[in-house]
Amino acid sequence: MHCPQEQPESIEILVEPHGGIRGRCSHCRKPAPGYDRLPPRRWLFVPLWNVPTYFCYAPRRVECPEHGVVVEHIPWSEGKRPVTCAMMGFLARWARRLSWRETARSFQTSWEAVYRSVEWFVEWGLAHRQLSGVASIGVDEIHWGHGLRADNFLTVIYQIDQDCRRLLWVGRRRTQATLRRGLKALGPEVVRGLRFVCSDMWKPYLQVIAARAGHALHVLDRFHITSHLNQAVDQVRRAESTRLRAKSKESAQRLKHLRWPLLRRGSRVRGRARQKLNALLGSKMATARAWDLKETFFHFWNYKSVIWAGAFLDYWCFRAMRSRLEPMKKVARMLRSHEPLILNWFRAKGEISSGAVEGLNNKIRVVTRRSYGFRTYKAMEMALYHNLGRLPEPESTHRFC
Ligand SMILES: [Zn+2]
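Since the structure is predicted, the reported quantities are computational estimates derived from the model, not experimental observations.

Turning next to the pairing of strand β11 (residues 217-220). As defined by bridge partners, strand β10 (residues 196-199) adjoins β11 across 4 bridges and the pair is classed as parallel. In the strand pairing of β11, Val 197 is matched with His 218. For the crossover from β10 across helix α6 (residues 203-212) to β11, the handedness is right-handed.

Following this line, the structure appears as structure tokens:
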């Protein structure tokens with residue numbers, strides 16, 4: 001019978017310096033004469049057979065002609081970290097696929113060690129990333145956590161060029177100061193090179209973009225306008241549903257299970273939902289009229305000419321203002337007051353993809369919602385850069401995963 005061996009607690013790999021090779025100065029990496037030796041230390045290495053593994057080594061001190069007596073350069077480690085670079089890379093790569101807690105548990109280490117590894121990876125990546133050639137950015141606000149306090153919002157800056165879509169910057173809150181900080185972090189060269197800036201109608205952003213990136217074409221992007229329309233339809237539906245319920249249960253039935261079909265593109269609603277929707281549209285209900293306005297607006301995006309698109313926008317707003325549906329009127333007023341920026345969409349001539357910001361937002365939600373066990377804002381910021389920043393990775397001699 002197979003008898004399970006007792007699992008050793010850890011493996012220690014003793015490392016000795018090569019007698020004939022001098023240590024290198026940790027500042028300039030030049031070989032220098034030896035001075036003395038420090039007591040042995042341990043560095044966590046990639047687990048072997050799933051057993052925690054350490055490098056044990058007593059670092060030498062060298063006497064560098066330039067830097068004095070310093071600890072030698074240790075090729076598997078960086079700074080004073082107790083974890084080898086190989087292990088940090090290993091943990092950081094796994095931390096993209098598993099939650100940080102799961103990563104820590106799988107490889108018998110602490111959450112803290114995973115966090116520090118990701119931090120090292122991200123900091124290296126941010127310091128080495130290339131920011132030249134960024135032509136289009138999308139600026140957006142993201143809600144995270146519970147509640148609607150100012151701290152529950154993040155400002156994100158994406159690169160949304162055809163060939164490169166990534167998170168460039170993330171900061172707490174959604175104020176003018178936040179966005180200014182973000183643009184400053186990208187640097188004046190990047191800001192000067194911008195051709196398109198895409199954003200929502202959030203006023204603080206509009207003001208900062210006009211002031212700091214006035215040379216770029218500012219486009220209010222399609223995805224946000226669509227979501228404002230959808231929210232308005234939903235408000236109309238909810239209000240009408242409440243009104244009907246007060247009258248009779250039966251008539252309220254007509255709006256049941258229609259929330260999602262109403263928010264989808266009309267042409268994409270099929271099956272039983274379609275039948276229900278058709279029945280609703282045949283009625284004179286407020287929800288039906290709101291839905292019709294929303295669907296009509298999609299024609300707007302098919303225009304090629306700015307002038308005709310502008311004419312359509314005027315027509316649509318006129319209709320919406322006469323609809324007696326307050327949420328739709330509100331959208332119309334908002335569109336009217338931002339007309340030039342909305343029409344910039346057509347001036348950009350298809351160079352901006354409407355899906356880019358939306359796609360990146362969805363990915364952010366996956367990261368913020370998946371329980372990564374982020375204990376702090378800082379940890380979440382790291383995770384976002386780690387997953388969406390497309391950062392370059394520190395080179396290693398061997399990849400363990
Ligand atoms: Zn030196």
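So much for the structure itself; the text now carries on.
Okay, the coordination of the zinc ion next. At 2.0 to 2.3 Å from the zinc ion lie its protein donor atoms, namely Cys 25 (SG), Cys 28 (SG), Cys 64 (SG) and His 67 (ND1). Because the angles between the 4 donor atoms bound to the zinc ion fall within 102 to 119°, the donor set is best described as tetrahedral. Sequence positions of the donors to the zinc ion reduce to the motif C-x2-C-x35-C-x2-H. Within this pair, whereas Cys 28 is found in the loop between β1 (11-14) and β2 (34-37), its partner Cys 64 is found in strand β5 (residues 60-64), the two being separated by 36 residues in sequence. On the basis of relative accessibility, which here comes to 24%, the residue Cys 28 falls in the partly exposed class. Take Cys 64: its relative accessible area is 5%, and that puts it in the buried class.

Here the focus is the environment of Tyr 57. Within the secondary structure, Tyr 57 sits in strand β4 (residues 51-57). Residue Tyr 57 is classed as buried on the basis of its relative accessible area, which comes to 5%. Spatially, the C-alpha atom of Tyr 57 lies 47 Å from that of Leu 179, the residues being 122 residues apart in sequence. Setting aside chain neighbours within four positions, we find Tyr 57 in contact with Val 15, Glu 16, Pro 17, Arg 37, Pro 39, Pro 40, Arg 41, Trp 43, Glu 72 and Trp 76. At 2.6 Å, the side chain of Tyr 57 and the side chain of Glu 72 are in polar contact.

Residues Trp 100, Phe 300, Trp 316 and Leu 335 are the most contacted members of the largest nonpolar core, which totals 116 residues. Examining the composition of this core, we find that 8 residues originate from one element, helix α16 (residues 377-388), more than from any other. Of all hydrophobic cores here, the second largest spans 5 residues; its members include Cys 25, Val 62, Cys 64 and Val 70.

Rules and cut-offs
Residues numbered from 1 in each chain as written. Predicted model: local features only at pLDDT ≥ 70, side-chain atom pairs only at ≥ 80, totals over all residues. Heavy atoms only, no water. Pairing = 2+ DSSP bridges. Helix = DSSP H or I, 4+ residues; strand = E, 2+ residues; numbered from the N terminus. Right-handed = clockwise from strand over helix to strand, strands pointing away. Donors = N, O, S within 2.8 Å, 3.2 Å for Na, K, Ca; no water. Tetrahedral: all angles 85-135°; square planar, octahedral: opposite > 155°, others 65-115°. Buried < 20%, exposed > 50% of the residue type's maximum accessible area, 1.4 Å probe, protein only. Contact = heavy atoms within 4.5 Å. Polar contact = N/O pair within 3.5 Å; in protein donor to acceptor, adjacent residues only side chain to side chain. Core = buried A, V, L, I, M, F, W, Y, C linked by side-chain atoms within 4.5 Å.

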